[in-house]
Amino acid sequence: MTAPLRTPARTSARRRSQATTAFPYDGGDLDRFRELQRLAYACAERVGAWLEPGVTERQASARLGRELAAAGVQDFFHIPFAWFGDRTAFRHFRTPLQFFPSRRRLEEGMPYILDCAPVIDGYTADIGYAGRAGASPVWDRIDRDLREYRDLIVAEARRRTPLNEIYARVDALIARHGYDNRHRVYPGRVIGHQITRTTARGPAGVSVLGFGVRTLQTLGREFLGERRYGRSPLWADGRASRHAPTPGLWAVEPHVAFRDVGLKFEELLVVTEDDAYWLDDDLPHVRRWQRAADTSSDLAVPDLAVPGVVVPGVASGVAVEAR
Amino acid sequence: MRRRAVVSAGVPLAMYEQGNPAGPTVLLVHGYPDTHGVWDDVAAALAADGHHVVRYDVRGAGASGAPRGVSSYRLSHLADDLFAVADAVSPYRAVHLAAHDWGSIQAWEAVTDPRAAGRIASYTSLSGPCLDHAGHWARRRLARPTPHHLGQLLTQATRSWYIGLFHLPLLAPAGWRLGLAARWGSVLARAEGVTPRAGHPRPTLAADAVRGIALYRANMLRHLLRPRQRPTAVPVQLITLTRDRYVSPALGDDLDRWAPRLWRRTLTAGHWSALLEKGPTVAQMIGEIAAHADGAPAAPALERAAASSREQAASQRQRLRLGPRLGPRLGRGLERAAFAGKLAVVTGGGSGIGRATALAFAEHGAAVVVCDLDLATAERTVELARLLGAPEAHAYRVDVADSAAVDTFAREVAVAHGVPDIVVNNAGVGHGGTFLRTTEKEWRHILEVNLGGVVHGCRAFATLMVERGEGGHLVNVASAAAYLPSKVLAAYATSKAAVYMLSDCLRAELAPAGIGVSTICPGLVNTNIARTSTFSGRSADGLDATRDRFAALYARRNFPPEKVAWQILRAVRENRAVVPVTVEARAGRLLSRLSPALTRAAARIDID
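Residues numbered from 1 in each chain as written. Chains lettered and ligands numbered in written order. Predicted model: local features only at pLDDT ≥ 70, side-chain atom pairs only at ≥ 80, totals over all residues.

J.: Would you take a moment to explain the environment of Ser72(B) for this structure?
T.: Residue and element names in this part refer to chain B. Take Ser72: it is sitting in the loop between β4 (52-56) and α2 (75-89). Ser72 sits 187 residues away from Ala259 along the chain, and the two C-alpha atoms are 28 Å apart. Once residues lying within four places of it in the same chain are set aside, the contact partners of Ser72 are Pro67 and His77. (Helix = DSSP H or I, 4+ residues; strand = E, 2+ residues; numbered from the N terminus. Contact = placed C-beta atoms within 7 Å.)

This is how it looks when you write it as structure tokens:
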């Protein structure tokens, strides 16, 4: 066992049984991750503002790639994705190839999702940015509910609930909301995956099946490494995720849909040995929810469109810790 | 009842007035071969409701004058008669008109006349189209002879067989005189299901019927072959009779072209039984449109009738433009507005199959009422239903096991939203456990919810549906366990088998009232039923483990509740009796019929 640099005083029985690493990043590292995540979101926001009816998914993802490259991004964890219309809900997806950007054109009222994972100096971000072209009441409703997933996940991670149980609780919330779990369409049914600082040496900017060559190297090494402790760098609902959140950075991407409208966010969750928090709270979706909450409290009306509707969310009483 | 005579172009018309003379005037026009007497029940109900009810015998019938010559019975003269009566009884205020059969045909002539503006406030038509509209209706279908259109033409032609006979010399008059008139009462009783009553038909029947043949000869071919353009701005309520042997519902398909302010209602009744058996229902419909035309807000049922009319018009236009296959459809061949104007009630609508069903009805244009033990989940369903475009959606907290609560719920729904057209008794609980392990308390709970819930729901709502007389549909969600025995599902399977049998019995009982009953047997569907199921004889830990195991099984099977909802909509649409949904439910049903012994052997398997 190669648990590095752990002082005897901090080694409790519980941690020993988890046989793992301490939290591997210092404040400087986290700043770099945060900076990159903000940069990625800023690029996605710019592309979102540029989108208009008639643009295809391929054009949108290419533009996102160019924006990121112009901002200094050297490599991609995975290539930039764009999904429009019912493809945001992954309807009729049968093969993984269908995730790739298509010739689908954006139309008025359609939802869209942009997803990219830039790498700079080995620091990686993986973000999901959802939006809509024109008015969509269904989109607005899901967006307001999406906040509960963010609160729920961090609260459960802080309690060190095993990852597969958090997954099940997210599923229960989805069922209560009356939505569909769409992250289960991702390869491995994952709601999230670990992010590390990539140190691989392969060619930057080259991708195989949508994943950067360096990503594949890193992922492979992580996968094998974690396997030794009966853990997985992937966060799904199966046996491999039957362990408490591993300290490190997790890109978490709850993806829900109602009928043909799908929404997600994806951002980094910081898990330390005894705590968990979202890397950054200054993100487009968080600001959007905050504005909506402010407006509704100003007007003294409930957040929900139907007065009196209260959805008993697991995490409704959990405050997001400000960091 | 006051009787007086009104003279119209030299023909004396016998007119009868009753009710409150200061109330809104409702003018009732009878058809062939009737007299004003056919409206007795409707008139009594309207008079009791504060209306000023006026009836008259049309020319050639009852106590009115009978001019000679076929041309005296042209529609223009008949419309003049109608205006003469209206002027005599309500010279300064527009009247509300309701008419049946030939009365409806002549009333259409008046309603589509320029004089109608300011004289006729609303018009309720039963079983009598405007002949000009019918002429255009047939032309449109001949110009686009799709199988659907040819079918409609053929259906109407076979229902109009007697019209040809009426144009032949001697035959029809001889038939009436040589015995048909004398036996008319029993013909109505046998063919139309009308209870014989004193004073009907009137003694003047034979003479009325023979003279009335002139109505056909003077008007039919003339208007059908050379139809005029006859639009109207008068609010029109079209009451379609589902068992009418003479007028097919399709005849009203294009009506929105001519009457843009249109309300479509449906009544489960025959051509004559509508007036003679369901008088109060017809009176209520007339009263509703009259009140609305006079400025009152629309009654919920009337509100939905307008929606139904709009949607039907839209899909009709689409069909005429694009052909029958290309209309706006959602999956599985149902048109988007397939349930427009209908009200669907779903019990246990806060989750799983109930929620999916309520949403599917909402997606297809229906108003929905959702009840659940957990009000918050029902309200969530309601919100989603509104997002999908439900014209109305309401949530209630109801414990279906409580018969008094279900009765109260049904009454509240009827008052606030109208009598539902579709009721889905879906609420149920899962339970696993062998017979000897199942306690008496558990038995009572399972039976009270799974069977009692369905019994109470059916009783409360079927009573309302029968009273209303417009038909409806009950859907009872049973289970594949209803016909697949298993030793570990003793209580659950018993309760579901009872629901299955109850539905079969109920179907037979309610068929004459036009109420369909469907039994749905879903099979393993991915809902929270496994998570909320109870299991006999388990410790708390064992219970959780068992639940996890079953939940995992249901999740692996991963059959979405939305697909069950589709089948429920289809069952209602096509009035299907029993619908097993998943492959295992279908295979199980087949097996239970091919080899019951095999299913009994399989019942021994310990699936626990």
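Okay, back to it.
J.: Would you mind showing me how to read the pairing of strand β6 (residues 192-195) of chain A here?
T.: Where a strand is regular, its side chains alternate between the two sheet faces. Residues and elements named next belong to chain A. With two bridges connecting them, β6 and strand β9 (residues 234-235) associate as antiparallel partners. Looking at the pairing, His193 lines up with Leu234 of β9. Bridge count for β6 against strand β10 (residues 248-252) is four bridges, and the pairing is antiparallel. Along β10, the bridge assignment pairs His193 with Ala251. (Pairing = 2+ DSSP bridges.)

J.: For this particular structure, what's the right way to read the domain arrangement of chain B?
T.: As a measure of interface size, the accessible area lost when the parts come together is often cited. Residue and element names in this part refer to chain B. On domain assignment, one finds that chain B holds domain 1 (2-318) and domain 2 (331-526 + 560-602). Using C-alpha coordinates to define each centre, domain 1 is positioned 39 Å away from domain 2. Contacts between the two partners involve 16 residues from domain 1, matched on the other side by 16 residues from domain 2. Among the elements of the structure, β8 (262-270) and α11 (300-322) are those that each provide at least two residues to the side of domain 1 that touches domain 2. Per-element accounting of the side of domain 1 that touches domain 2 gives the leading share, nine residues, to α11. Here the side of domain 1 that touches domain 2 is composed, by residue class, of seven nonpolar, six polar and three charged. (Domains from an automatic or database assignment. Nonpolar A, V, L, I, M, F, W, Y, C, P; charged D, E, K, R; others polar.)

J.: Is there a simple way to think about helix α3 (residues 57-70) of chain A in this case?
T.: One turn of the α-helix equals 3.6 residues, which is why residues spaced by three or four share an orientation. Residue and element names in this part refer to chain A. The first and last C-alpha atoms of α3 sit 20 Å apart over 14 residues, in line with the 20 Å expected at 1.5 Å per residue. Looking at the buried residues of α3, the elements they touch are α2 (27-50), β1 (75-84) and β2 (111-120). At the C-terminal side of α3, Gly72 shows a positive phi close to 105°. (Expected span 1.5 Å × (residues − 1).)

J.: Is there a simple way to explain the sheet that holds strand β1 (residues 2-8) of chain B in this structure?
T.: Adjacent strands of a sheet form backbone hydrogen bonds with each other and so pair up, either parallel or antiparallel. All names here are of chain B. Ordered by their spatial adjacency, eight strands build an open sheet running β1-β2-β4-β3-β5-β6-β7-β8, and the pairing between neighbours is mixed. Each of the sheet's edge strands pairs with one partner strand only, and the pair in question is β1 and β8. The mean inter-strand angle of the sheet, taken between neighbouring strand axes irrespective of direction, is 20°. Examined bridge by bridge, strand β3 (residues 25-29) and β4 share five bridges and lie parallel to one another. Across the sheet, the residue bridging to Leu27 is Val54, located in β4. Against the sheet, α2 engages β1, β2 (11-19), β3, β4 and β5 (95-100), with an angle of about 130° to β1. (Axes fitted to C-alpha atoms, helices over the stretch in contact; angles between N-to-C directions.)

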